[in-house]
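Architecture at a glance
Next come the chains, spelled out residue by residue.
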Amino acid sequence: MKIWYDRKSKDPSYFVQQGIRNGKKVTTKNIFKIGKHSELLAQGHQDPLAYAKEVVEEYNKKMKSEKVDLEITIDFNKKLIPSDNVSSKSSLLNIGYFFLQDIYSKLNLKDFIKNITKDKKITYNLNDITRFLTFDRILNPRSKLAAVNNLDFFYEKPSFSHQNVLRGMDILADHYDSYLQHLFENSNTIVKRDTSICYYDCTNYYFEVETADEPYYDEVTGEYLYGLRQYGPSKEHRPNPIVEMGLFMDKDGIPLTMGLYPGNMNEQKTVHELESKMIRTLKNKRIIYCGDAGLGSASIRVFNDLGGRAFIVTQSIKKLSDELQNDIFNDTDYKLLSNNSCVTLKHMKSFNKFDENNISLYQDKAYKEIIVDSNVDLGLFEEKTFKNGNTKTVKSKAILKQKIIITYSRKMAEYQKNIRNKQIERAKALLARGVDDIRKGPNDIARFIKCTNRALYTLDQDRIDLEEKYDGFYAIATNLLEDDPKDIIEINSQRYKIEDCFRVLKTNFDARPVHHRLDKRIVAHFMICYTALLIYRLLEKQLKDKKYDFTINEILTTLKNMNVSNRDGLFYEAEFTSSKVCTALNDLFNFGLDKKYYQNSELTKLVKKI
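Presented here is a report on the structure given in the accompanying data block. (Residues numbered from 1 in each chain as written. Predicted model: local features only at pLDDT ≥ 70, side-chain atom pairs only at ≥ 80, totals over all residues. Heavy atoms only, no water.)

On the basis of which strands lie adjacent, the open sheet formed by nine strands has the order β9-β8-β5-β10-β11-β19-β16-β13-β12 and mixed pairing. Each end of this open sheet is capped by a strand with a single partner; those strands are β9 (255-262) and β12 (335-336). As paired elements, strand β10 (residues 288-291) and strand β11 (residues 310-314) share four bridges and run parallel to each other. Bridging from a neighbouring strand, Gly291 pairs with Val313 of β11. Most of the contacts of helix α17 (residues 496-508) go to strand β5 (residues 197-206), to which it runs at about 35 degrees, and overall it touches β5 and β8 (242-249). (Pairing = 2+ DSSP bridges. Helix = DSSP H or I, 4+ residues; strand = E, 2+ residues; numbered from the N terminus. Contact = heavy atoms within 4.5 Å. Axes fitted to C-alpha atoms, helices over the stretch in contact; angles between N-to-C directions.)

Under the criterion given, the structure shown has 26 aromatic pairs. The interplanar angle of 40 degrees and the centroid separation of 4.5 Å between the aromatic rings of Tyr200 and Phe248 together place this pair among those described as tilted. Placement of the pair is Tyr200 in strand β5 and Phe248 in strand β8, with a sequence separation of 48 residues. Phe248 shares its class with Tyr200; the two are buried. On the basis of an interplanar angle of 50 degrees and a centroid distance of 4.8 Å, the ring pair of Tyr205 and Phe526 is categorised as tilted. Taken together, the residues span a long stretch of sequence, with Tyr205 in strand β5 and Phe526 in helix α18 (residues 519-545) at a distance of 321 residues. Judged by its relative accessible area of 0%, Tyr205 is buried. Under the relative-accessibility criterion, Phe526 is labelled buried at 0%. Members of the aromatic cluster, connected to one another through ring pairs, are Tyr97, Phe98, Tyr104, Phe132, Phe135, Phe153, Phe154, Tyr155 and Tyr572. (Phe/Tyr/Trp six-rings, centres within 6.5 Å; stacked < 30°, edge-to-face > 60°. Buried < 20%, exposed > 50% of the residue type's maximum accessible area, 1.4 Å probe, protein only.)

Here we come to the nonpolar core. Counting residues in hydrophobic clusters, the biggest one holds 110 residues, and the most contacted among them are Phe98, Phe526 and Leu593. A per-element tally of this core places α18 first, with 16 residues. If near-sequence neighbours (up to four positions away) are discounted, Leu593 is found in contact with Ile95, Phe98, Phe99, Met562, Phe576, Cys582, Asn586, Tyr598, Leu603 and Leu606. In terms of nonpolar packing, the next biggest core, distinct from the first, is built from 41 residues, Val271, Tyr289, Phe311 and Ile328 among them. (Core = buried A, V, L, I, M, F, W, Y, C linked by side-chain atoms within 4.5 Å.)

What follows concerns the pairing of strand β16 (residues 402-408). Consecutive side chains along a regular strand alternate between the two faces of the sheet. For β16, the tally of buried residues reaches seven of seven residues, placing the bulk of the element in the interior. The alternating pattern of β16 places Gln402, Ile404, Ile406 and Tyr408 on one face and Lys403, Ile405 and Thr407 on the opposite face, and all of these are buried. Bridge count between strand β13 (residues 366-372) and β16: seven bridges; the pairing is antiparallel. Each bridged residue has a counterpart across the sheet, and for Tyr367 the counterpart in β16 is Thr407.

Residues Glu482, Asp483, Asp484, Asp487 and Glu490 make up a contiguous surface patch of negative charge. Asp483 sits in the partly exposed class, given a relative accessible area of 35%. (Patch = residues over 30% accessible without salt bridge, like charges linked within 9 Å, V, L, I, M, F, W, Y side chains within 5 Å. Areas by Shrake-Rupley, 256 points an atom, 1.4 Å probe, with all protein chains shown as cover. Salt bridge = Lys/Arg side-chain N within 4 Å of Asp/Glu carboxyl O. Lys, Arg positive; Asp, Glu negative; His and termini not counted. Charge placed at Lys NZ, Arg CZ, Asp CG, Glu CD.)

On to helix α20 (residues 580-589). For α20, every residue scored as buried is listed here: Val581, Cys582, Ala584, Leu585, Asn586 and Phe589. Phi turns positive one or two residues past the end of α20, at Asn590, with a value near 60 degrees.

What follows covers the side chain of Lys368. Positionally, Lys368 belongs in strand β13. Salt bridges are absent for the buried Lys368, whose nearest opposite-charge side chain, Asp333, sits at 5.2 Å. Look past the residues within four positions of Lys368 in its chain and what remains in contact with it is Asp327, Ile328, Asn330, Thr332, Asp333, Tyr334, Ile404, Ile405 and Ile406.

Our next topic: the sheet that holds strand β4 (residues 93-94). Pairing is antiparallel in the open sheet, where four strands are placed in the order β4-β20-β21-β22. Strands at the two margins of the open sheet, each flanked by one partner only, are β4 and β22 (597-598). Pairing of strand β20 (residues 563-567) with strand β21 (residues 571-574), which is carried by four bridges, proceeds in the antiparallel orientation. In the strand pairing of β21, Arg567 is matched with Phe571.

Right, let's talk about unusual backbone geometry for a bit. Of note, the amide linkage connecting Arg512 to Pro513 takes the cis form, showing an omega dihedral of 5 degrees. Along the chain, the position of Pro513 falls in the loop between α17 and α18. In the Ramachandran plot, Lys157 falls in the positive-phi region, its phi being about 50 degrees despite a non-glycine side chain. Tracing the chain through its elements places Lys157 in the loop between α6 (144-149) and α7 (162-174). Phi is positive for Lys283, close to 60 degrees, though the residue is something other than glycine. With respect to the helices and strands, Lys283 occurs in the loop between α9 (268-281) and β10.

Following the criterion strictly, the structure yields 31 salt bridges and no others. One salt bridge in this structure joins Arg193 and Asp250, with 2.7 Å as the shortest N-O distance. One end of the pair, Arg193, is in the loop between α8 (176-187) and β5; the other, Asp250, is in the loop between β8 and β9, with 57 residues separating them in the sequence. On the accessibility criterion, Arg193 (6% relative accessible area) is buried. Between Asp500 and Arg503 there is a salt bridge; the shortest N-O distance is 2.8 Å. Here Arg503 and Asp500 lie together in helix α17, a separation of three residues that amounts to about one turn. Judged by relative accessible area, which is 22%, Asp500 ranks as partly exposed.

This is the structure in structure tokens:
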């Protein structure tokens, strides 16, 4: 603050004046009238100017102590400043992204982007584009154009055009691999990454278009090149073109890397390429690959039996050979998972589940280990290439020593039985209405209906009995022959975290539908989504390390609601309430963003610091 008065006046009035920043503009405002020169003389002040300077100095001291009296005049007839905007906008400014900004800064993306753009003559700030598109994806997921039109949501009020966003996305896509590697390496400075176990899974994202990308024929190599948008089996059963994403995450559920592939590509073919890149990033560190049955083919298991690596994958019991299935249903060698005591399947299936003394048994599991020799049929398939170049999918025998861990859960058996009984009732209702034709799916109620002679449809009791046979059973295959089955089962049970990553991307961050046509823009879109997921997971991990446990909705709602309002340029007032999440975030980052009022310089200095 400083003193202001009209130096040309013979009897000037002295004011305490404060500098005010409104976005990138700086102005001043008189916040307190000290008095006129003549009035101060009449009050006994021999040197009114010196007295006025003392008053200003006292105000500055109060400001530093964060407690000051302000003189504010309110004109209730004052109109809003005219604007050309079609719709009115909120004047609130978000400061919740400051916590995200701290993690973004530690990822050192500013230097990475500076390095990849040093030889380019661009007039826009690509780091600001990447930064605020990432924050907007977390707090207010929407299209790139909508994000550009609502940049004044953020305290810093950044400014860049939609055209600059699209051009910047092209540059990011050109450095896709190095960008992901940079994120992993710098994330280690924020939390210690545990890559001993690497979970992998695939999903896909749809486009709101009716046709897939046309293939391009390369006359030099004689091959067809396909765009990313292709028809394939959609996870959401939509008839739209899709793009496929493969995602690796570490033991804590934090993403390691991702891969993008055409929607018509076989999921199993994505593993070798992406895992090879990840292994190089991890500098050939020993890992345990963990995936579901669809991503546990023979070639994937062999690949992860090399270089000191290992695998833990889900194994389909129904696809096992008759010999192995007989071993599974043979009621011997089963033990309780909780204490390794011997137990029989007969007892697990027949005990009184309503007896309070059996609650712990109801929650427990029985397990058995089966060592698989090299000549046993595991129900796997592989692609065989002949001398003439033709390929054929053939049944694969186990070509490495591994073991299968079988578990049986009474609780899961009861759940599956309940679901199937409901489906059977729906199938009976369908038969009662009359059936002309049925299309059977693996989980459709029509699988319980069979057609007899002369198009007569009846309930398929054999199919029901067959499914009931497998109720409660679950199988895991691994080459960790000496490891404790409990540890392997626990590792496999954490696969839900990668499904949760996909849920966050699709539900919380609205990663689909994708509104881009060019491959580069599609890749850059998912780079932004991936960065948002990584930043959120790092924030979540830091909170958990401090013994704070909140849901994603609780965290995102708090960050989104942490807004402040500008009070005539004099100070900022918090427009959010206190909460457990707010307290935890301020305890973790020590930003002091849990106050009612903030000085202009206070927030500006904080955002520059981080």
